[in-house]
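Per-entry structural report
One-letter residues, chain by chain:
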Amino acid sequence: MNTAYKDWESFQEDMVLAGITPVDTESSSVPTHHLLELCYIPPYNATVVQKLLDQGALLMGKTNLDEFAMGSGSTDGVFGPVKNPWSYSKQYRERQRHDEHGDSHWLITGGSSGGSAAAVAAYTCFAALGSDTGGSTRNPAAHCGLVGFKPSYGLVSRHGLIPLVNSMDVPGIFTRCVDDTAVVLGVLAGHDPKDSTTVQDPIKLPMILGEMDVSRLCIGIPKEYLVPELSSEIRSLWSQAADLFESEGAKVIEVSLPHTCYSIVCYHVLCTSEVASNMARFDGLQYGHRSGIDVSTEAMYAATRQEGFSDVVRGRILSGNFFLLKENYENYFVKAQKVRRLIVRDFMNAFDSGVDVLLTPTTLSEAVPYLEFIKEDNRTRSAQDDIFTQAVNMAGLPAVSVPVALSNQGLPIGLQFIGRAFCDQQLLTVAKWFEKQVQFPTIQLQDLMDDGSLVLENGKLTSVSLT
Amino acid sequence: MWARALRVRFPVPLDRGRGFASKAGPQGKVQEVRQGTHSPRLASQGAGRVPAAKIEHLERLALVDFGSREAVARLEKAIAFADQLHALDTDGVEPLESLLEDRCVYLRSDNVAEGNCTEELLRNSHHVVEEYFVPLPGNVSLPDMVNKTPSPTAE
């Protein structure tokens, strides 16, 4: 990898960067942190951050997210919600009524890594890192018109990624095109002695995506993903995408992942259980916010956690602890682990039947206005919005959301490709071919451009691709 | 290619989406679970009340306060949601603990490779004396404190 180039990166607040505390600013995609860690100065860099620094990357900052990466809207961070740059795009605004041009109807980015998505979508940086435990990179990527990549579990180090669900978390990558993702992945992938869950398989680097012979490809369409809640626009695009592959000679077949409907429930149990365990470290003693209660250790811990965690986080901890009670352990936690195996088997069976890549929607709909999103609580929203993405995390497979087209409202819609474990390069090669076919439009931030806030090249915003 | 007939791929026309759920597998179970998955209403219909003693027990274990009746209701909904798993037969299925279960996972050798960052580590704590983190008396259990320390978000 050529160390002479510099690229601008952002990464979200749940990855550590030595010596840097968050800065409070007025903007909407402000670097932020969970209350419990507002005063935490990490004494080390996350491996993924260090690898980027070693290659000469210029780190721009840390971005906003749902607190502890719990959420699907990036609306529950301690410094406030993240606004989707597409809310201000010409493509969206020209389709809205005039009285909706005020700022109150801005759209969510999706989540939980919404800040990183907003940063890349608004052309503030070349790429951004996020996390992906149930879709937290792919969901906002779809809503913000970006490539959102979730690597295979075990391919990229989690050292320094504040753990949510150890058996599912991975760092995620946001870029504006697939080639850029390959560049970043080429830097990040590989075994890390500091993370025992990274595999030691040899990986061919740098990751260069070659041409794809689509006629040799078999695309699987999981029929259980065709749910009534899916918007008709996305259903149509999904169908058209399948047709596109078929017209180029690929074999496109329907497959079945029979346990799909149990997947979100299984995820809910495993996620809350692991969260309950992982959040136990936040007691205020060695780092983070510490309550002023000084009567006893337990009282101090309880008050600290009460003050430091939001309702969302507390809710998940309490649910998780319920499932982990001795009397519930077999019926809930172990049961969910068994269901997880069935889900993994579903994917294995689909791939063993000759499928190379699965094609599914990423989200149920385009980005919605914030005021509409907050009508339901965080848990309900997550259960709805993670529907297409979380099964992939349970199986540890690589997946990527690729922006396809704009909706009737002028908002981005993405589709998801899912690959076999550790076939990340092949997956990205397919995604690159598809991206070239669909020619997703560039965001037009006209209002911002008119006052000179953005630098243009030839009157158009361009993506800086380094390959 | 974008104008290709959609009926070839998804047989039901776009304007009538309701038929899909019933085509997707074992009828009764899928319908039931899907409703529960997407409609919070079903979850709360079947939600059992969690006894007060259990609530206190959970608060003690988690060292996290429920704080309100709404939070308890959310727990009950979460439990009802999770109960859907019981509809699935998993006899003979081994629990999956790790995706790397069929590999030999790397362990570092037991040698000190880095450290000497005492100052940075201690800097993050609010209460430090010399090189010690300072906790509080540990022999006072939380329930004894409940009466003396009002919860900040008590109803």
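Residues numbered from 1 in each chain as written. Chains lettered and ligands numbered in written order. Predicted model: local features only at pLDDT ≥ 70, side-chain atom pairs only at ≥ 80, totals over all residues. Heavy atoms only, no water.

Re the packing of helix α6 (residues 232–247) of chain A against helix α14 (residues 424–438) of chain A
Residue and element names in this part refer to chain A. As a packed pair, α6 and α14 sit with axes 12 Å apart at the nearest point and diverge in direction by 105°. Considering their axes alone, α6 and α14 lie roughly perpendicular with respect to each other. The residues of α14 that touch α6, namely those facing Ala241, Leu244 and Phe245, are Val430, Trp433, Phe434 and Gln437. (Axes fitted to C-alpha atoms, helices over the stretch in contact; angles between N-to-C directions. Helix = DSSP H or I, 4+ residues; strand = E, 2+ residues; numbered from the N terminus. Parallel < 35°, antiparallel > 145°, perpendicular 65-115°, else oblique. Contact = heavy atoms within 4.5 Å.)

Considering unusual backbone geometry
In this chain, A:Gly111 is followed by A:Ser112 through a cis amide linkage whose omega measures 10°. One non-glycine residue, A:Ser74, adopts positive backbone phi at about 55°. In this fold, A:Ser74 is placed in the loop between β2 (58–63) and α2 (90–93). The backbone of B:Asn116 sits at a positive phi, close to 55°, despite the residue not being glycine. Mapped onto the elements, B:Asn116 comes out in the loop between α5 (69–82) and α6 (118–123).

Examining the packing of helix α9 (residues 311–324) of chain A against helix α4 (residues 52–62) of chain B
Their axes nearest at 10 Å, the elements α9(A) and α4(B) cross at an angle of 105°. In terms of orientation, α9(A) and α4(B) fall into the roughly perpendicular class. From α9(A), A:Ile317, A:Leu318, A:Asn321 and A:Phe322 reach across to α4(B), where they touch B:Lys54, B:Leu58 and B:Ala62. Its residues assigned to classes, the contact of α9(A) with α4(B) shows 5 nonpolar, 1 polar and 1 charged. (Nonpolar A, V, L, I, M, F, W, Y, C, P; charged D, E, K, R; others polar.)

Observations regarding the interface of chain A and chain B
If you look at the interface, chain A gives 94 residues, while chain B gives 77 residues. For the chain A face of the interface with chain B, the top three residues by lost area are A:Tyr262, A:Leu318 and A:Arg341, together amounting to 9%. Where chain A touches chain B, the interface holds 5 salt bridges. Across the pair B:Arg60 and A:Glu298 runs a salt bridge whose closest N-O atoms are separated by 2.9 Å. Summed over the shared surface of chain A and chain B, the number is 22 residue pairs in polar contact (both at pLDDT 80 or more). Partitioning the side of chain A that touches chain B into residue classes produces 47 nonpolar, 26 polar and 21 charged. (Buried area = accessible area lost by both parts, 1.4 Å probe. Salt bridge = Lys/Arg side-chain N within 4 Å of Asp/Glu carboxyl O. Polar contact = N/O pair within 3.5 Å; in protein donor to acceptor, adjacent residues only side chain to side chain.)

Brief notes about the packing of aromatic side chains
Residue and element names in this part refer to chain A. For the structure on display, the rule yields 13 aromatic pairs over all chains. Ring centres of phenylalanine 282 and tyrosine 287 lie 6.1 Å apart, and the angle between their planes is 80°; on these two criteria the pair is classed as edge-to-face. Accessibility expressed as a relative area gives 24% for tyrosine 287, which makes it partly exposed. Ring plane angle 80° and centroid distance 5.9 Å describe the contact between phenylalanine 322 and phenylalanine 323, whose orientation is recorded as edge-to-face. On the basis of relative accessible area, phenylalanine 322 is assigned to the buried category, the value being 9%. With a relative accessible area of 0%, phenylalanine 323 lands in the buried category. One cation-aromatic arrangement involves arginine 176 over tyrosine 123; the distance from NZ or CZ to the ring centre is 4.1 Å. (Phe/Tyr/Trp six-rings, centres within 6.5 Å; stacked < 30°, edge-to-face > 60°. Buried < 20%, exposed > 50% of the residue type's maximum accessible area, 1.4 Å probe, protein only. Lys NZ or Arg CZ within 6 Å of the ring centre and 35° of its normal.)

Brief notes about the UniProt feature "active site" (unreviewed entry) in chain A
Residues and elements named next belong to chain A. In this numbering, the UniProt entry assigns the feature "active site" (unreviewed entry) to Ser112 and Ser136. Annotated residues spanning 25 residues; largest pairwise C-alpha distance 4.7 Å, indicating a single compact cluster. With respect to the helices and strands, serine 112 occurs in the loop between α2 and α3 (114–121). Excluding residues within four positions of it along the chain, serine 112 makes contact with Asn64, Leu65, Asp66, Ala69, Met70, Gly71, Ser74 and Ser136. By the secondary structure assignment, serine 136 is in the loop between β3 (127–132) and α4 (138–143). Among residues more than four places away in sequence, those in contact with serine 136 are Ala69, Gly71, Gly111, Ser112, Ser113, Ser131 and Phe174. Looking at serine 136, its side chain comes within polar contact range of the side chain of serine 112, at 3.0 Å. (UniProt positions renumbered as here; feature names shortened; annotations may be inferred.)

A word on the nonpolar core
Residues and elements named next belong to chain A. One finds Phe245, Phe347, Leu359, Phe417 and Phe434 to be the most contacted residues of the largest nonpolar core, which totals 132 residues. Those residues in contact with phenylalanine 347 that lie beyond four places of it in its chain are Tyr225, Leu257, Leu358, Ala391, Val392, Ala395, Leu397 and Ile418. Grouped together as the second largest cluster of nonpolar side chains are 10 residues, Val120, Ala121, Ala128 and Phe174 included. (Core = buried A, V, L, I, M, F, W, Y, C linked by side-chain atoms within 4.5 Å.)

Concerning the confidence of the model for chain B
Detailed reading of the predicted coordinates is not advisable wherever pLDDT falls low. All names here are of chain B. Of the residues in chain B, 61% have a pLDDT of 70 or more, and the chain-wide mean is 69. When mean pLDDT is compared element by element in chain B, α5 scores highest at 91, while helix α1 (residues 20–23) scores lowest at 28. The ipTM value of the predicted complex is 0.81, and its pTM value is 0.83. (pLDDT = per-residue confidence, 0-100.)

Description of α3(A)
Because each turn of an α-helix spans 3.6 residues, side chains separated by three or four positions end up pointing in the same direction. All names here are of chain A. Counting buried residues in α3 gives 8 out of 8 residues, a clear majority hidden from the surface. Looking only at α3, the buried set comprises Gly114, Gly115, Ser116, Ala117, Ala118, Ala119, Val120 and Ala121. A positive phi of about 60° marks tyrosine 123, the residue just after α3.

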